[in-house]
Amino acid sequence: MSSVSEGRFPSTSVPSITRVPRRTTLLTGDGVPVEAVYTPCTAGSAAVEGGAREGTAVVLAHGFTGAADRPALLRAAAVFAQRAAVITFSFRGHGRSGGRSTVGDREVLDLAAAVAWARSLGHRRVVTVGFSMGGSVVLRHAALYTAPECAESVCEESGAAASERVVRRTEAQRAHERHTRRSGAHSGRHEGAPVDAHTDAVVAVSAPARWYYRGTAPMRRLHWVVTRPTGRLVGRYGFRTRIHREDWDPVPLSPVEAVPLVTAPLLIVHGDKDPYFPVDHPRMLAAAAGDGAELWLEHGMGHAENAADEKLLSRIADWTESA
């Protein structure tokens, strides 16, 4: 099965990588315009013209009610740009992007468009880093979007467990394709070579392990914002986030279901003072990944990009270089 893909971009090579910051609007597979910003690596000409980092781009996925121009994401982008090119974008329903937020469901199409854009600019290696809702999206994206050479085979995987993982991943990809086709999205089987939207390494920061969690007061408030008409008005005018009215149908692959299907290097980062998702969430994700993930439990850290200081962001950026 070919990897799921959400649109086509002109094919380019690494020498075409731009060193000038640029803002654009991407079109997702289901036709939603998504604002995106490309920031070149600030480490100097060596980062583009030579060395191990020349082909790397980091795509940052913000949390619910965030956006490409929010200070916390800009701060993270500045840290990662010291080592690689960076793409930031606003999920649907956020910032200047169109559409309405589905709180982690169709947002995987937004991330796929951003990763495909990075590859169309010539980047041979793309790393996805997501925060909170964005963390759940990068996990699902990594499970659903595979490298073209891996699409029809188990690649380097072997053994019964690996074969089972390939079967489960293929089933998840087919379910995703059916869902996106039903919503009017591209299936990935359009004319011409499909765009490569897979990731080479994944970092999930403050991500939930399971859906519908209401075990903390902040999550109960969030569910009120998402599910109630008055709450959605608060989301629109108080948090500048436009939220879809419909329930999930079908319920998307959960993060803990996605993690065992991820073959790329995976880092899970979580604060032990997270007011939204307690530490059983990252531990559940790490357990589901088995030996396929690293887990960093950060002492005193709160939630997502707002709580990630420069020191932690630098450590994560270092990991993305070596993964």
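Structure shown above.
A. Focus on a nonpolar patch on the surface. Taken together, the side chains of Trp 224, Val 234 and Phe 239 define a hydrophobic patch exposed on the protein surface, amounting to about 260 Å² of accessible area. With respect to the helices, strands and loops of the structure, Val 234 is situated in helix H7 (residues 229-238).

B. Spotlight on the layout of surface pockets. Put simply, the largest pocket is a space of about 1,000 Å³. Forming the boundary of the largest pocket are 42 residues, of which Phe 64, Val 103, Met 219, Leu 222 and Val 226 lie nearest the centre. Within the residue set of the lining of the largest pocket, elements represented by two or more residues are helix H2 (71-80), helix H4 (133-144), helix H6 (217-227) and helix H10 (304-307). Considering each element in turn, the lining of the largest pocket owes the most residues, eight residues, to H6. Here the lining of the largest pocket is composed, by residue class, of 21 nonpolar, twelve polar and nine charged.

C. Representation of the packing of H2 against helix H11 (residues 310-322) within the structure. Relative orientation of the contacting elements H2 and H11 amounts to 45°, with a least axis distance of 9 Å. Taken together, the axes of H2 and H11 lie oblique to each other. Classified by chirality, the crossing of H11 by H2 is right-handed. Packed against H2, whose contacting residues are Arg 75, Ala 76, Val 79 and Phe 80, the element H11 presents Glu 310, Leu 313, Ser 314, Ile 316, Ala 317 and Thr 320 at the interface.

Rules of the game
- Residues numbered from 1 in each chain as written.
- Predicted model: local features only at pLDDT ≥ 70, side-chain atom pairs only at ≥ 80, totals over all residues.
- Heavy atoms only, no water.
- Patch = residues over 30% accessible without salt bridge, like charges linked within 9 Å, V, L, I, M, F, W, Y side chains within 5 Å.
- Areas by Shrake-Rupley, 256 points an atom, 1.4 Å probe, with all protein chains shown as cover.
- Salt bridge = Lys/Arg side-chain N within 4 Å of Asp/Glu carboxyl O.
- Helix = DSSP H or I, 4+ residues; strand = E, 2+ residues; numbered from the N terminus.
- 1 Å grid on protein atoms, 1.4 Å probe; cavity = no way out; pocket = protein on both sides within 12 Å on 5 of 7 lines; lining within 4 Å.
- Points joined across faces, edges and corners; volume = space filled by probe spheres on them.
- Nonpolar A, V, L, I, M, F, W, Y, C, P; charged D, E, K, R; others polar.
- Axes fitted to C-alpha atoms, helices over the stretch in contact; angles between N-to-C directions.
- Parallel < 35°, antiparallel > 145°, perpendicular 65-115°, else oblique.
- Left-handed = near helix turned anticlockwise from the far one by under 90°.
- Contact = heavy atoms within 4.5 Å.

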